Amino acid sequence: MIARASELFLPTLREPPADAEAASHKLLVRGGFIRQVGAGLWTFLPLGWRVHQNVVQIIREEINAIGGQEMLEPVLTPAELWETSGRIGIPIVFKLKDRAGRDYVLPFSHEETMTFHARELQSYKQLPQLWYHFSTKERDEPRPRGGLLRVREFIMKDSYSFDRDEAGLDRSFEAHRGAYERIWERCGLEAYYVEAESGIMGGRESSGFMAPAESGENILVRCENGDYYADYDAARGIPRSPDFPDPLDPPEEIETPGVVTIEALADLLGIDPAATSKAMPVMVGERPVLALIRGDDRLSEEKLVTVLGEAYRPMTDDEIRAVFGAGGGSLGPVGVTIDVVADEALREGQFVAGANRDGWHLRGVQAGRDYNPGFADIRQANAGDTCPLCGGKLLEEPAIELGHIFKLGTFYSVRFGATFLDEDGQEKPLVMGSYGIGPGRTMAAIVEQHHDDKGIQWPASVAPYDVHVVVIPGMEEHAQSVADALSADGLEVLVDERDARAGEKFADADLIGCPVRVTVGRKVAEDGTVDVRERAKGDDKAVSVGELVSTVREILG
């Protein structure tokens, strides 16, 4: 196939948008791949859509190879499906009403709709099943940024497995892990398989894939020894040991007037901030819960959602006062009658905690003796923590989340009554998995890892065209012959025969980033050669027209 630059909508720019910081944002806009319509809303222009669809095809081939059946579900979704799952209250969910007042959702994923259809599965003989689609998703993202990295509307491949038991789910999960790793390899990406949190998706376990990138909106946590990788929200780290004061029995009240922060508390008492506890009161629906972490730590919101099994919100000041009898700076776990979830770091030792009296704290508060919490890992791991596997030091680097795979278990099937009759004659809930990839975000990650100061360097597998033919004025007839020969061999060819300066054409070719550039100049008439440049290497070499196709094929691999 041959495309002509003079006929394409190819609006390249010399300068990036003023608000662009990520390399992918700058280069995809400058190269004429995407254009912004509104905050977090992007149009894929013809060049960008070709790349997007090349990524889609790689994903489709690999999911088909593990037994995927492609389908398509609507974006507009009856709200009652999300009410059934319990996810209707999640803040990022777009909600609307039709003219008759009926409630609908614009989903960010399709677990509810897929489970709705899975109710037609009736027997173990129909299992396993693997369904997927490429569908538009909507997300009420409060801070869209980075071009395609954090958006409000996007296309996602989400696939769903339905199995009869946990062993079957494990097989489906591993099949997707292998498929995803092949997808990243074919896209030319360096990516790591990482621990992740299920969060608002539900279920009992999940893992992710992250691509290191300077402009990444996520953080990859890894061990310096290379044996542990995790998403920032899920990372497990062992914190340093606190410097505890002398133990007390029982706890001792101490007046702390005007002290409402951990820093001020530690300064007043002359103690290590790690020897204090920090209270985080939340509402889970109508149920109050107190999350408790070490004073020098931060709460991992994703971990807490996973532990609680559903989304939560911070308590209001009035709710805090009603439950604890004190304001937010003096809260603690002693004497409360609500559920307490304490981080594992609070399991051993005595800590300073709020006394649930304004201006007072308690010294020597000990879990198990003074209060009885449920323990869970809910702290945010930090760079410098000890690796949970080998004792090495944890490091952090920016990265892009490429995909996420979840073991949902029966979280949705029980709620929707999606059951099957097993071989033993018992009716059982389907055991589910959910697996997502965003092709647009994958595009952005490829650009982040494959570019230089002149533009993009697309891997051949996803490039908008295989060969970019730059025509020097007067050489149009020779260029047509070159393009015809390349196209006849099955290559996708972009011919730049515009009435423009050679320097402008070369700059656009570097910016657009096709794997091979062929310059058809005067030498083709003089000695039958053209200049061939591999975009990733940047050096021209003269190649005879007769050897051009084989040379290009060799470069493309």
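So, here is what we can say about the structure in this document. On a predicted model such as this, the values are computed, not experimentally measured, just so you know.

Observations regarding the overall build of the protein chain
The helix and strand inventory of the protein chain stands at 14 helices and 32 strands. Considered along the principal axes of its C-alpha atoms, the protein chain spans approximately 95 × 65 × 50 Å. Long-range pairs, those at least 24 residues apart, make up 69% of the contacts in the protein chain between residues at least 6 apart in sequence. Carbon together with sulfur atoms contributes 48% to the accessible area of the protein chain, which is approximately 24200 Å² in total.

Some points on the sheet that holds strand 18 (residues 339-343)
Within the open sheet, the five strands sit side by side as 17-15-16-18-21. Their pairing is mixed. Sheet topology places strand 17 (313-314) and strand 21 (374-376) at the edges, where each strand pairs with a single neighbour. In this structure, strand 15 (residues 277-284) lies alongside strand 17, joined through two bridges in antiparallel fashion. Bridging across to strand 17, V282 finds its partner in P314.

What to know about the side chain of E73
For E73, the position within the fold is in the loop between strand 4 (69-70) and strand 5 (77-78). Aside from chain neighbours lying at most four places away, what touches E73 is H110, T113, M114, H117, H133 and S135.

Observations regarding the packing of helix 11 (residues 476-488) against helix 14 (residues 548-556)
Where helix 11 contacts helix 14, the axes come no closer than 10 Å and their chain directions differ by 55 degrees. Between helix 11 and helix 14, the crossing angle belongs to the class labelled oblique. Crossing of helix 11 over helix 14 shows right-handed handedness. Facing helix 11, whose interface residues are V482, A485 and L486, helix 14 presents L548, V549 and V552. Considered class by class, the residues forming the contact of helix 11 with helix 14 number six nonpolar, no polar and no charged.

Details of the pattern of salt bridges
Summed over all chains, the structure comprises 45 salt bridges. A salt bridge links D508 to R14, with the shortest nitrogen-to-oxygen separation between them at 2.8 Å. Within this pair, whereas D508 is found in helix 12 (residues 502-512), its partner R14 is found in the loop between strand 1 (2-4) and helix 1 (23-30), the two being separated by 494 residues in sequence. Three or more residues are tied together by salt bridges with common partners; here these are D452, D510, R517, R533, R535 and D540.

Section: the sheet that holds strand 30 (residues 516-520)
An order of 1-29-28-30-31-32 is seen for the six strands of this open sheet, with the pairing classed as mixed. Looking at the sheet topology across the chains shown, the edges are occupied by strand 1 and strand 32 (540-544). The sheet shows a mean angle of 25 degrees between the axes of neighbouring strands, taken without regard to direction. As paired elements, strand 28 (residues 467-471) and strand 30 share five bridges and run parallel to each other. If you follow V471 over to strand 30, its bridge partner there is V520. Along the sheet, helix 12 makes contact with strand 28, strand 29 (493-496), strand 30 and strand 31 (529-534), crossing strand 28 at roughly 170 degrees.

Concerning the packing of aromatic side chains
This model, assessed by the stated rule, comprises 13 aromatic pairs. Seen in terms of ring centroids, Y180 and F209 are 5.5 Å apart; in terms of plane orientation they differ by 50 degrees. Their pairing is tilted. Within this pair, whereas Y180 is found in helix 5 (residues 166-186), its partner F209 is found in strand 11 (residues 205-212), the two being separated by 29 residues in sequence. Judged on exposure class, the residue Y180 and its partner F209 are both buried.

Here we look at the pairing of strand 9 (residues 153-163)
Most of strand 9 is tucked away: eight of the eleven residues are buried. Relative to strand 25 (residues 431-437), strand 9 is paired through seven bridges, and the arrangement is antiparallel. Counterpart to S161 in the pairing with strand 25 is G433.

Points about the environment of T84
Relative to the assigned elements, T84 resides in helix 3 (residues 79-85). The spatial distance from the C-alpha of T84 to the C-alpha of R415 is 6.4 Å, given a sequence separation of 331 residues. If sequence neighbours within four positions are ignored, T84 has contacts with R415 and F416. Polar side-chain contacts of T84 include one of 2.8 Å to the backbone oxygen of E80.

Considering the nonpolar core
The biggest cluster of nonpolar side chains holds 53 residues, and the ones touching the most others in it are L28, F33, Y180 and W458. Among the elements that line this core, the one with the most residues is helix 2 (residues 46-65), at seven residues. Leave out the neighbours within four places in its chain, and Y180 touches I63, K157, F209, G403, H404, I405, Y435, G436 and I437. Listed in part, the 24 residues of the second largest apolar core include L121, F406, A418 and L430.

Structural notes on unusual backbone geometry
Each neighbour pair has its own omega, and for L127 with P128 the value is 0 degrees, a cis peptide bond. Mapped onto the elements of the fold, P128 is located in the loop between helix 4 (111-118) and strand 8 (129-138). Unlike most non-glycine residues, N356 shows phi in positive territory, near 60 degrees. Position of N356 relative to the elements: it lies in the loop between strand 19 (350-354) and strand 20 (360-366).

Let's talk about helix 7 (residues 301-308)
Within helix 7, the full set of buried residues consists of K303, L304, V305 and L308. Where helix 7 is buried, its residues contact strand 15, strand 16 (287-294) and strand 18. Positioned one or two residues after helix 7, G309 has a phi angle of 85 degrees, which is positive.

Definitions and cut-offs
Residues numbered from 1 in each chain as written. Predicted model: local features only at pLDDT ≥ 70, side-chain atom pairs only at ≥ 80, totals over all residues. Heavy atoms only, no water. Helix = DSSP H or I, 4+ residues; strand = E, 2+ residues; numbered from the N terminus. Contact = heavy atoms within 4.5 Å. Areas by Shrake-Rupley, 256 points an atom, 1.4 Å probe, with all protein chains shown as cover. Pairing = 2+ DSSP bridges. Axes fitted to C-alpha atoms, helices over the stretch in contact; angles between N-to-C directions. Parallel < 35°, antiparallel > 145°, perpendicular 65-115°, else oblique. Left-handed = near helix turned anticlockwise from the far one by under 90°. Nonpolar A, V, L, I, M, F, W, Y, C, P; charged D, E, K, R; others polar. Salt bridge = Lys/Arg side-chain N within 4 Å of Asp/Glu carboxyl O. Phe/Tyr/Trp six-rings, centres within 6.5 Å; stacked < 30°, edge-to-face > 60°. Buried < 20%, exposed > 50% of the residue type's maximum accessible area, 1.4 Å probe, protein only. Polar contact = N/O pair within 3.5 Å; in protein donor to acceptor, adjacent residues only side chain to side chain. Core = buried A, V, L, I, M, F, W, Y, C linked by side-chain atoms within 4.5 Å.

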